[in-house]
Amino acid sequence: MKRALLLLLALLVPAACHPQDDRTARQLTGGEPDRGRVALRAYGCGACHVVPGVRGATGLVGPPLTNIADRLYLAGQLPNTPDNMRRWIREPQKIESGTAMPDLNVSDRDARDMAAYLYTLRE
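First, a word on what this report is: a plain description of the structure on this page.

Quick notes on the rules
- Residues numbered from 1 in each chain as written.
- Predicted model: local features only at pLDDT ≥ 70, side-chain atom pairs only at ≥ 80, totals over all residues.
- Heavy atoms only, no water.
- Helix = DSSP H or I, 4+ residues; strand = E, 2+ residues; numbered from the N terminus.
- Buried < 20%, exposed > 50% of the residue type's maximum accessible area, 1.4 Å probe, protein only.
- Areas by Shrake-Rupley, 256 points an atom, 1.4 Å probe, with all protein chains shown as cover.
- Core = buried A, V, L, I, M, F, W, Y, C linked by side-chain atoms within 4.5 Å.
- Contact = heavy atoms within 4.5 Å.
- Axes fitted to C-alpha atoms, helices over the stretch in contact; angles between N-to-C directions.
- Parallel < 35°, antiparallel > 145°, perpendicular 65-115°, else oblique.
- Left-handed = near helix turned anticlockwise from the far one by under 90°.
- Nonpolar A, V, L, I, M, F, W, Y, C, P; charged D, E, K, R; others polar.
- Salt bridge = Lys/Arg side-chain N within 4 Å of Asp/Glu carboxyl O.

Right, let's talk about the overall build of the protein for a bit. A tally of helices and strands in the protein yields five helices and two strands. Looking at the protein as a whole, 33% of its 123 residues are labelled buried. When the accessible surface of the protein is summed, it comes to about 7700 Å², and 58% of that surface belongs to carbon and sulfur atoms.

Structure, rendered in structure tokens:
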């Protein structure tokens, strides 16, 4: 019985943390994580990046976005803040001319939503 209870807790605790991650991501970015996941797929981010939770996002050109919310820097140089995440998504060429990440004309709303989803990706 004790072993079954521990197994049940091990399954429920991570699931219980997810709503908090979504809430925190919304507060940090002003975006919606669910819309962000859809936008990441629509803009084709998975062609270059592995993005957990985004169907078909298995690209190997750019870094995997696994646990990006826990990283200290974006693009190796920007402090990982919501504003910098949004800027990097919208205008990577202005931040680092010649980077492999293209400007995709991402709208501000989509960038906020994408950042919100990415901020749910933590260990």
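Right, picking up where we left off after that structure.
Formed by 25 residues in total, the largest nonpolar core has its most connected members in Leu-40, Val-51, Ile-68, Met-85, Ile-89, Met-114 and Leu-118. If you list the elements that add at least two residues to this core, you get helix H2 (33–42), helix H3 (82–90) and helix H5 (108–118). In terms of residue count, H5 provides more of this core than any other element does, six residues in total. Among all residues touching Met-114, those that are not within four sequence positions of it are Gly-36, Ala-39, Leu-40, Tyr-43, Cys-45, Ile-89 and Val-106.

Within the secondary structure layout, Thr-99 lies in the loop between helix H4 (92–95) and H5. When residues no more than four places from it in sequence are discounted, the contact partners of Thr-99 are Trp-88, Pro-92 and Gln-93.

Among all positions of H3, only Asn-84, Met-85, Arg-86, Trp-88 and Ile-89 are buried. Elements in contact with the buried residues of H3: strand S1 (73–74), strand S2 (78–79), H4 and H5.

The phi torsion at Asn-67 lies on the positive side, around 60°, for a residue other than glycine. Take Asn-67: it is sitting in the loop between H2 and S1. Of note, Asn-105 is a non-glycine position whose phi angle comes to about 55°, a positive value. For Asn-105, the position within the fold is in the loop between H4 and H5.

The next point concerns the packing of H3 against H5. Where H3 meets H5, the closest approach of the two axes is 9 Å, and the angle between their N-to-C directions is 120°. In terms of their interaxial angle, H3 and H5 are classed as oblique. Here H3 runs over H5; the crossing is right-handed. Every residue of H5 that contacts H3 at Met-85, Arg-86, Ile-89 and Arg-90 is listed here: Asp-108, Ala-111, Arg-112, Met-114, Ala-115 and Leu-118. Tallied by class, the residues present in the contact of H3 with H5 amount to six nonpolar, no polar and four charged.

Bringing the environment of Gly-53 into the picture now. Mapped onto the elements, Gly-53 comes out in the loop between H2 and S1. Its relative accessible area of 58% is what places Gly-53 among the exposed residues. Once you skip the residues sitting within four places of it in the chain, Gly-53 turns out to touch Arg-37 and Tyr-117.

Under the defined criterion, the tally for this structure stands at 10 salt bridges. Asp-113 is the salt-bridge partner of Arg-35, the closest N and O atoms lying 2.8 Å from each other. In this pair, Arg-35 is assigned in helix H2 and Asp-113 in helix H5, connecting sequence segments 78 residues apart. The closest approach of N and O atoms between Asp-108 and Arg-112, which form a salt bridge, is 3.0 Å. Of this pair, Asp-108 and Arg-112 both sit in helix H5, four residues apart, roughly one helical turn. According to the relative accessible area criterion, Arg-112 is partly exposed, its value standing at 29%.

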